[in-house]
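What follows is each chain in one-letter form.
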Amino acid sequence: MSRETILARIRSALPAAAGRTDERPRAVAQRLADPPHHPRPAFASLTGEARHARLIAALETQGTDVIEVASLGDVPAAVATLLGRSQPTPPRLVIGDDARLAGLSWEKTSLTARPEQWDASAPLEDGDAALTHAWGAVAETGTLVLLSGAASPASLTFLPEFHLVALARESIVSSFEEAFQRIAESRVDQRFPRAVNLVSGPSRTGDIGGRIVKGAHGPRRLGVILYG
Amino acid sequence: MTPSTETFKSNARAALADAKLAKALAGLPGGLVAQRTAAKGRVPEFEALRNTARDIRDHTLAHLDLYLEAFAQKAEAAGSRVHWAETAEEARAIIARLCQERGARLVTKGKSMVSEEIALNRHLEDLGITAVETDLGEYLLQIRGETPSHIIAPAIHLSQDQVEADFRVHHNHLAPDRVLTTAESLVAEARAVLRERFLAADIGITGANFLVAETGSAIIVTNEGNGDLSAHLPKTHIVLAAIDKVVPTLADAATLLRVLARSATGQDMTAYTSLLTGPKAPGDPDGPAECHIVILDNGRSEMLKNGLGEALRCIRCGACLNHCPIYNAIGGHAYGWVYSGPIGAVLSPAFLGIDAAQDLPSASTFCGKCEEVCPVKIPITRLLRGWREKSLETGKRRHERWLLGAWAFFARRPRLYHLATRFAVATLSVLGRPRGAFKRLPLAGGWTARRDFPAPQGRTFQQLWAEHQRGVPR
Amino acid sequence: MKPRVGLFVTCLVDLMRPSVGFAAARLIEEAGCVVVVPAGQTCCGQPAYNAGDPETARDLALQTVRAFEGCDFVVAPSGSCAAMLRIHYPALFKGRGGVESEVEAFAGRVHELTSFLVNVRHKTETGAKFSGRVTHHDACSGLRELGIRSEPRQLLAAVEGLELVEAREVSPCCGFGGLFSVKYPEISGAVADRKIEDLRAPAADLVTGGDLGCLMNLAGRLRRTGIHLPCRHVAEVLAGELHDPPIAWGEEDAR
């Protein structure tokens, strides 16, 4: 079988695998059970205001729109502001099946159309906007962390023209390591969701004449509403 | 793809004569190179990260069999099916079977150098399955019938007006009078055309930047989001990745991600980095029902055995290409196969055999810039020198071997050497000194093809120094 | 007692431009050393080593190591040859018993000329004079294998009347690469042209370099393309050894 052949070939190429020692399996088991703490850049260990400032600066450098509001209840107004800045205004706003977003009141906003619950059988049209709630964000690079599932379906991360993301201030972490560890801890059996999408800015390409153009296949615009 | 590594010299000459290519390549120093320099400048700890990244890769390769087993076990536990392929043929057969069993007619593809390596598209086309490349650069190449000329910017050799012309020919269902004069309009058109393909595809095939043993996940890094649309939308997702893509843990992946985009495009992170673990779970509204992972060897275990293990550290950032003076002069196609630039010159002889690719390792000045920028510190010049040894032993470099032998005969005999060089130098000097240089010189056609040969001053230093010691004035 | 310095002449200086050897010898003497030039040296073996013939390279390495027995230091007016002696000789003899330590001890005594003057002899100036703008070309081996960058600049900047100007830094290499230059003349020429653009940017009167290989390549290409920009080895300027015409210039041009 190919599996055995490949593994045997690799073993025969590794001098350390020649002896009948259990040193290598032990090293591997240990690394998997207790992942290493590699040196990180200082900017990946920030806390408090410095961490917050790094996140905002990084998001803005990528071309992500950021609005900071006091609480979750202020998200609809911020969404309306961001959509209002978009030319032309997206015809629809689709949201994921998220309890935090479901409870929001949209009456007082300037939006003419009410948000619609996403229907998996009807694909988003080019031009649509979507609002999902992020699991959190990594401050070191201004990276949003979105977990696939009913609350933030991966389709809403990649198909709309304009992706709006609600982000709770308390969910900001310093580094990728911290994000991965916390996601694992928060899951049953530490099992990861099908997709953990780390999003750092709108979709882009440099493939035509080396010029950066936004909106290659994914969202042309990305907006973050940071609350709390 | 059919390799043209054997005609490297004529490929390179043709590339040097290509003005459009020269114009495209002229953008590298101010583009990807300058962006990497800036990104590195924003990370004071960059050198330490490179060392850690190198150590992670070396540790993984030293335990590769075990991490692959651990990865496969975790991936299957997460609901993925893992397939093992020793050769390109086997990988093609596995993927073809998966497609045929599902009655697939349309496949969308994320960018994958390994799929270029195994020439997957042609195989699928032969079976009547349409495979559409969705990375914009790869899509441009596919409609032109070309191959990538760069690892991360596959269509770097193309100009905007070439793309417009191709779109007008290829997208002939669209209005002929549409305006396509900006990069934005071309991107928008490709987005619309490919969006339909994404939504209609039966199967999505992507590569992987990393396979994480700790979780059984594939990590896919893109800027466009095309890899994600290929992975999320079709009912079946197939990941094609080589054995060297495995990393132990997410903590290890975090370090590698910190150097990958910064070295590649000079971004701190690419727009999308996705950690994909298994197929859609109960309660998931979207995602593929099946996830298959094809793990390919295709000669890599041999590389590990033959002292080329360090080349398997490579994380395919393309920095060595961007910074290489040779790549900057001739571009990627001249190298004649999937992988180009310095790392291509190391890899191609391993995949194709040194006899078919013997010119590539020689096509380097050993300037060392590639090693200076490599995020995992691959000793590229040492590996190239190893190939030069092999090709001198076994290859067709008979003429060169003879010349080296003749030179070595003298160089090993100092007295004879000093005597012989005295006469040679004296003769050359008499002829060349008035003008200072030769336009043409017997036996030095290689040198004088592009430059004059400076005339020697007239006497050897050894000769003059001996006289100087005896008190003779110069 | 003055340290005894063996001058590793380098084959190119020996054959093409002995004035560089005399300049180097004078600089080393003025740094308080005694210079010896062993007649048992020919070439460092790098052409064989880089062509893929380590056996010949080892023969020439041992010949060189033994020719310099009894020297406190070995100094070469070339970053490329110095890197061969200092870094690649030990690599060639790794795991080869007694000779390994002999080669390592030798390698530890090897220095490139400007690095020797600045870092070992702590020279800050050489007392030379030169009137004009000079830009210094860093050869790849010296720069990336030995980390030499500030040393030649420090000494050049101290030359009376000399204005040191920096070249643009687009191309990492002049395209010489030893045998590469004759195996792939077209590519080599294209790479040289890029480096020449860099070197022309600051409108210097003279290009200096620490390696005759690069300088012959650049000067030969400048000459072929009709660009009037003289090139000299940095030792010539530092020692005021300027009576011979610049590289690839004739007696007629110099007048």
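In this text, all values refer to a predicted model and were calculated from it rather than measured experimentally.

> Explain the interface of chain B and chain A to me, please; I cannot follow it from the model alone.
Quoted interface sizes are often the accessible area lost when the parts come together. In this assembly, 91 residues from chain B lie in contact with 72 residues from chain A. When the two sides are added together, the surface that chain B and chain A hide from each other amounts to roughly 6900 Å², 60% of it contributed by carbon and sulfur. Taken together, chain B and chain A are joined by 8 salt bridges. Of the charged contacts in the structure, one is a salt bridge between D297(B) and R9(A), with a shortest N-O distance of 3.7 Å. Applying the counting rule to chain B against chain A returns 35 residue pairs in polar contact (both at pLDDT 80 or more).

> Sorry if this is basic, but what is going on with the sheet that holds strand 6 (residues 143–147) of chain A here?
Sheets are built from strands that pair by backbone hydrogen bonding, the pairs being arranged parallel or antiparallel. Overall, mixed pairing links the 8 strands, which are arranged 8(A)-5(A)-6(A)-9(A)-9(B)-6(B)-5(B)-8(B) in an open sheet. Looking along the sheet, the strands with just one partner apiece sit at the ends: strand 8 (172–173) of chain A together with strand 8 (246–247) of chain B. Pairing of strand 5 (residues 210–212) of chain B with strand 6 (residues 217–222) of chain B, which is carried by 3 bridges, proceeds in the antiparallel orientation. Considered in strand 6 of chain B, the bridge of L211(B) is made with A218(B).

> How should the domain arrangement of chain A be read in this particular structure?
Domain assignment breaks chain A into domain 1 (1–34) and domain 2 (46–227). The centre of domain 1 of chain A, based on its C-alpha atoms, is set 42 Å off from the matching centre of domain 2 of chain A.

> Sorry, what's going on with the interface of chain C and chain B here?
On the side of chain B, 67 residues touch chain C, which itself brings 74 residues to the contact. Both sides together, the interface formed by chain C and chain B hides about 6000 Å², and carbon and sulfur atoms give 60% of it. On the chain C side of the interface with chain B, the three residues burying the most area are F22(C), E186(C) and R224(C), jointly 12% of the side's total. Summed over the shared surface of chain C and chain B, the number is 7 salt bridges. A salt bridge links D452(B) to R224(C); its shortest N-O distance comes to 2.7 Å. Seen at the junction of chain C and chain B, the total is 33 residue pairs in polar contact (both at pLDDT 80 or more). Considered class by class, the residues forming the side of chain C that touches chain B number 36 nonpolar, 21 polar and 17 charged.

> It is not clear to me how the sheet that holds strand 6 (residues 160–164) of chain C should be interpreted in this structure. Could you clarify?
Residue and element names in this part refer to chain C. Ordered by their spatial adjacency, 4 strands build an open sheet running 6-5-7-8, and the pairing between neighbours is parallel. Since the sheet does not close on itself, it has two edges, and those belong to strand 6 and strand 8 (231–233), each with one partner. Each strand axis lies, on average, 40° off the axis of its neighbour in the sheet, ignoring direction. Of the strand pairs in this sheet, strand 7 (residues 206–209) and strand 8 are connected by 3 bridges, and their pairing is parallel. What sits directly across from G209, in strand 8, is H233.

> Any chance you could explain the environment of L113(C) here in plain terms?
All names here are of chain C. Structurally, L113 can be placed in helix 7 (residues 113–120). The buried category is assigned to L113, whose relative accessible area is 0%. Along the chain, L113 and V159 lie 46 residues apart, while their C-alpha atoms are 16 Å from each other. Setting aside chain neighbours within four positions, we find L113 in contact with A24, L27, I28, V75, A76, P77 and A235.

> Mind showing me how you'd approach the domain arrangement of chain B here?
Domain annotation of chain B identifies domain 1 (43–301) and domain 2 (410–469). The distance between the C-alpha centroids of domain 1 of chain B and domain 2 of chain B comes to 56 Å.

> Is there a simple way to think about the nonpolar core in this case?
Nonpolar side chains in soluble globular proteins tend to be buried together. Membership of the largest hydrophobic core comes to 140 residues, with the highest contact counts inside it found for F8(B), L68(B), I95(B), I330(B) and I187(C). Every residue in contact with I95(B), bar those within four places of it in the chain, is listed here: L120(B), L124(B), I205(B), I238(B), L240(B) and V294(B). In terms of nonpolar packing, the next biggest core, distinct from the first, is built from 66 residues, V5(C), L212(C), L215(C) and L229(C) among them.

> Hey, could you run me through the pattern of salt bridges in this one?
Pairs can form between side chains of opposite charge once their charged atoms are near each other. On inspection of all chains with the given rule, the structure shows 62 salt bridges over all chains. Overlapping salt bridges, with partners in common, bring together R40(A), E140(A), E177(A) and R258(B) in one network.

> Is there a simple way to think about unusual backbone geometry in this case?
Trans is the prevailing form of peptide bonds, just as negative phi is the prevailing case for residues other than glycine. Of note, K377(B) is a non-glycine position whose phi angle comes to about 55°, a positive value. Structurally, K377(B) can be placed in the loop between helix 19 (369–373) and helix 20 (380–394).

> Would you take a moment to explain the state of the cysteines for this structure?
Two cysteines joined by a covalent bond between their sulfur atoms form a disulfide. In the structure shown here, the tally under the stated rule is 0 disulfides over all chains. There is no disulfide at C370(B), and the cysteine sulfur nearest it, in C367(B), is 6.3 Å away. This cysteine, C44(C), is not joined by any disulfide, and C81(C) carries the nearest cysteine sulfur, 4.3 Å off. Its relative accessible area of 4% is what places C44(C) among the buried residues.

> How should helix 1 (residues 8–16) of chain B be read in this particular structure?
Among the residues of helix 1 of chain B, F8(B), N11(B), A12(B) and A15(B) are the ones counted as buried. Along the long axis of helix 1 of chain B, the arc covered by the buried residues comes to 95°, so they all point the same way. Among the structural elements, helix 2 (19–25), helix 16 (325–330) and helix 18 (359–362) of chain B together with helix 11 (185–200) of chain C are those in contact with the buried residues of helix 1 of chain B.

> Looking at this structure, I do not really get a nonpolar patch on the surface. What am I missing?
Residue and element names in this part refer to chain B. On the surface, a cluster of nonpolar side chains totalling about 240 Å² of accessible area is made up of F409, F410 and L416. Here L416 lies in helix 22 (residues 414–432). Judged by relative accessible area, which is 33%, L416 ranks as partly exposed.

> Honestly, the packing of helix 24 (residues 461–469) of chain B against helix 2 (residues 18–30) of chain C in this entry has me stumped. Any pointers?
Packed helix pairs are specified by the crossing angle of their axes together with the interaxial distance, meaning the distance between the axes. At a closest axis distance of 9 Å, the pairing of helix 24 of chain B and helix 2 of chain C adopts a crossing angle of 50°. As far as their axial angle goes, helix 2 of chain C and helix 24 of chain B are oblique. In terms of crossing hand, the pair formed by helix 24 of chain B and helix 2 of chain C is right-handed. Residues F461(B), L464(B), W465(B) and H468(B) of helix 24 of chain B pack against P18(C), G21(C), F22(C), A25(C) and E29(C) of helix 2 of chain C. Partitioning the contact of helix 24 of chain B with helix 2 of chain C into residue classes produces 6 nonpolar, 2 polar and 1 charged.

> What is the right way to read the side chain of D228(B) from this model?
Of note, D228(B) is situated in helix 12 (residues 226–232). No salt bridge is formed by the buried D228(B). Its closest oppositely charged neighbour is R194(A), at 7.6 Å. If we ignore the near neighbours within four places in the chain, the residues touching D228(B) are F158(A), N197(A), T222(B), Y272(B) and S274(B).

> Just checking my understanding: could you explain the pairing of strand 3 (residues 73–76) of chain C for this structure?
Along any regular strand the residues' side chains alternate between the sheet's two faces. Residue and element names in this part refer to chain C. Along strand 3, one buried face is formed by F73 and V75 and the opposite face, lined by V74 and A76, is buried too. Note: strand 1 (residues 4–7) against strand 3, 3 bridges, orientation parallel. Counted as the bridge partner of V5 is F73 from strand 3. Where strand 3 lies against strand 4 (residues 110–112), 3 bridges are found, and the strand directions are parallel. Counterpart to V74 in the pairing with strand 4 is V110.

Calculation notes
Residues numbered from 1 in each chain as written. Chains lettered and ligands numbered in written order. Predicted model: local features only at pLDDT ≥ 70, side-chain atom pairs only at ≥ 80, totals over all residues. Heavy atoms only, no water. Contact = heavy atoms within 4.5 Å. Buried area = accessible area lost by both parts, 1.4 Å probe. Salt bridge = Lys/Arg side-chain N within 4 Å of Asp/Glu carboxyl O. Polar contact = N/O pair within 3.5 Å; in protein donor to acceptor, adjacent residues only side chain to side chain. Pairing = 2+ DSSP bridges. Helix = DSSP H or I, 4+ residues; strand = E, 2+ residues; numbered from the N terminus. Domains from an automatic or database assignment. Nonpolar A, V, L, I, M, F, W, Y, C, P; charged D, E, K, R; others polar. Axes fitted to C-alpha atoms, helices over the stretch in contact; angles between N-to-C directions. Buried < 20%, exposed > 50% of the residue type's maximum accessible area, 1.4 Å probe, protein only. Core = buried A, V, L, I, M, F, W, Y, C linked by side-chain atoms within 4.5 Å. Disulfide = S-S within 2.5 Å. Arc of directions from axis to C-beta. Patch = residues over 30% accessible without salt bridge, like charges linked within 9 Å, V, L, I, M, F, W, Y side chains within 5 Å. Areas by Shrake-Rupley, 256 points an atom, 1.4 Å probe, with all protein chains shown as cover. Parallel < 35°, antiparallel > 145°, perpendicular 65-115°, else oblique. Left-handed = near helix turned anticlockwise from the far one by under 90°. Lys, Arg positive; Asp, Glu negative; His and termini not counted.

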